[in-house]
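# Topology and contacts: notes
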Amino acid sequence: MAIIKGILGWLEDRTGLGAAVKPVLDHKVPYTNWKTGWWYVLGSAVLVAFMIQVISGIALSTSYVSSAGEAYNSLKFITDEMIFGNFLRGMHFWGGSAMVLLVGAHALHVFIVGAFKFPREVNWLSGVVLFFTTLAMGFTGQLLRWDQTAYWSVIVGADQAARTPFIGESLAKFVMAGNTVGGATLSRFFAYHVFFIPGIIFLFIGLHLFLVIRNGISEPPERGEAVDPKTYRQRYHDLLEKTGVPFWPDAVWRDAVAAIIVVLGVVGLSIFVGPPHLEAPPDPTELRVYPRPDWYLLWYFSVLALIPPAAEPYVILGGPGLAIVLMIILPLIANKGERSPLRRPWAMGFVLLLVIMISTLWITGLVSPWSPDLTTKPIDPAVLKLSDAQTQLGAKLFYEKGCQYCHAIDVYGPSDASQPGSPRVVGGARGPDLSTTGSRLTKEQIVVRILNGGNSMPQFGTLLTPPELDAIVAFLQTRKLPTGEHQQGKANEVEVSTNQKK
Ligand code: HEC
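Let me begin by describing the structure that accompanies this report.

Conventions we followed
- Residues numbered from 1 in each chain as written.
- Predicted model: local features only at pLDDT ≥ 70, side-chain atom pairs only at ≥ 80, totals over all residues.
- Heavy atoms only, no water.
- Salt bridge = Lys/Arg side-chain N within 4 Å of Asp/Glu carboxyl O.
- Helix = DSSP H or I, 4+ residues; strand = E, 2+ residues; numbered from the N terminus.
- Buried < 20%, exposed > 50% of the residue type's maximum accessible area, 1.4 Å probe, protein only.
- Phe/Tyr/Trp six-rings, centres within 6.5 Å; stacked < 30°, edge-to-face > 60°.
- Contact = heavy atoms within 4.5 Å.

### A closer look at the pattern of salt bridges
Under the counting rule described, the total for this entry stands at eight salt bridges. Between lysine 76 and aspartate 80 there is a salt bridge, with its nearest N and O atoms 3.6 Å apart. Linking lysine 76 with aspartate 80, this pair stays in helix α5 (residues 71-80), spanning four residues, or about one helical turn. On the basis of relative accessibility, which here comes to 33%, the residue lysine 76 falls in the partly exposed class.

Right, here's the structure in full:
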């Protein structure tokens, strides 16, 4: 005992760490009751999730190889052969999910109780940085998985970034580190995910925690107690003097319980559910892919799928841009006044709207196929009323070559109103509905589109023989608007609304 005391005494004398930490433990925090207290654990729960990420991430990085040739195999090794490898991947995936979820909940709680107001504006601003860097970690991390889904999701992301006005192309190049997603992209995402973004996160967590201690944890809001920068600090000081409790041990136990719940939750999910299944390695010619971002970005993909294609370029970066600007402005313009949610009806209405919007979009995202509808069945040639062998072959190839996975076709033809009832339209909604191609595109245009691909339409130049191409084109030329209707008629609008990728 004496030796330990001696060592600790020596350490304390040379470093002063104990003296530095003691005020942090002893500092008073506002008294919270059973009901209000639990909401305050969200912040420290995020920190716990982050620590899980750091530890599991470092462990994964010891075996992961960030080269296009090796990444997939190294992950396969981690998943199938490394001791605890699959568990580790699970921890990292579910830890990341927990972190995104908790960051969101924490930010929402801070907003609801008005804790971003004076003098905690910079707490909020540093939190905004942490919020978006967390999402960026999710996005960059997904590519490191380097399987079909990961690969195609980034293609989709880059594709959409490329459509931003003015800076689109440079931006897509910057994201992908070149013109296509490849080895350079992987190296770049690895650097972001492992060095660059975590560096920012560490820095801002430091600032964030420093400010939490310096400005104190906000007291539970009371109706009628408006924040006035002139009097707030004094009032807060008095409140702590009167009813405050020491952080250690009076408040910290709730954080400890929350930390245990987070860790147990993540461990449980890693064991019982496991990490996302590692799909086939990326292969640009493989069409049976199902790109879908990890769940926390899914709702945003829904937005992009649902808005009219013409609005997409403005929404893709404009949406997040607006969110960032609003979140930065918020504490600067609304740092005074009532904090109680009961006295801030507009703010609460906004929260309600946001929650409803995101959950609806999220559900939409879960049920709507971003991409190939692999369940589509070959079309019965009889209902297509095709007169010759070539177009019949075309219809068959349209299914067999995978076109139908992405493109819908009105089986009876839009000109045929004599066949009511379903199912009229078959095929996926990844590309434009081709029910009226014959009226919209010339033969040459159709050929060019098929051979060259582009914008998520694969290049079929090398995948089809000339007779096959001719047959498909001939078939598509039979798909026409009802005679007499204008080319840019109603059927065209239907096409636009089902075209998720234009
Ligand atoms: C992976 C999904 C996918 C597959 C498979 C696919 N396409 Fe496409 N296709 C698209 C997308 C997305 C577009 C829209 C591209 C754009 O926005 O420019 C498109 C565009 C087209 C167009 C132009 C439509 C227009 O209105 O401009 C034609 C024609 C076409 N595809 C034919 C085919 C044929 C024929 C096949 C099969 C040999 C096929 N596609 C397979 C996704 C796909």
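### A word on the packing of aromatic side chains
Scanning all chains against the criterion turns up 16 aromatic pairs. For the ring pair phenylalanine 116 and tryptophan 124, a centre distance of 5.5 Å and an interplane angle of 55° mean the geometry is tilted. The pair formed by phenylalanine 116 and tryptophan 124 is uniform in burial state, with each residue classed as buried. On the numbers, 5.9 Å between centres and 20° between planes, the contact of tyrosine 232 with tyrosine 236 is stacked. Of this pair, tyrosine 232 and tyrosine 236 are both found in helix α11 (residues 232-243), four residues apart, which corresponds to roughly one turn of the helix. Classification of tyrosine 236 by relative accessible area gives buried; the value is 9%. Through a chain of ring-to-ring contacts, three or more aromatic side chains come together here, namely Phe139, Phe174, Phe189, Tyr192 and Phe196.

### A few points about the side chain of arginine 145
Within the secondary structure layout, arginine 145 lies in the loop between α7 (121-144) and α8 (148-161). Owing to a relative accessible area of 10%, arginine 145 belongs among the buried residues under this scheme. Leave out the neighbours within four places in its chain, and arginine 145 touches Leu75, Arg89, Phe93, Ala150, Pro276, Leu278 and Asp294.

Spatial relationships are all this shows, so hold off on functional conclusions.
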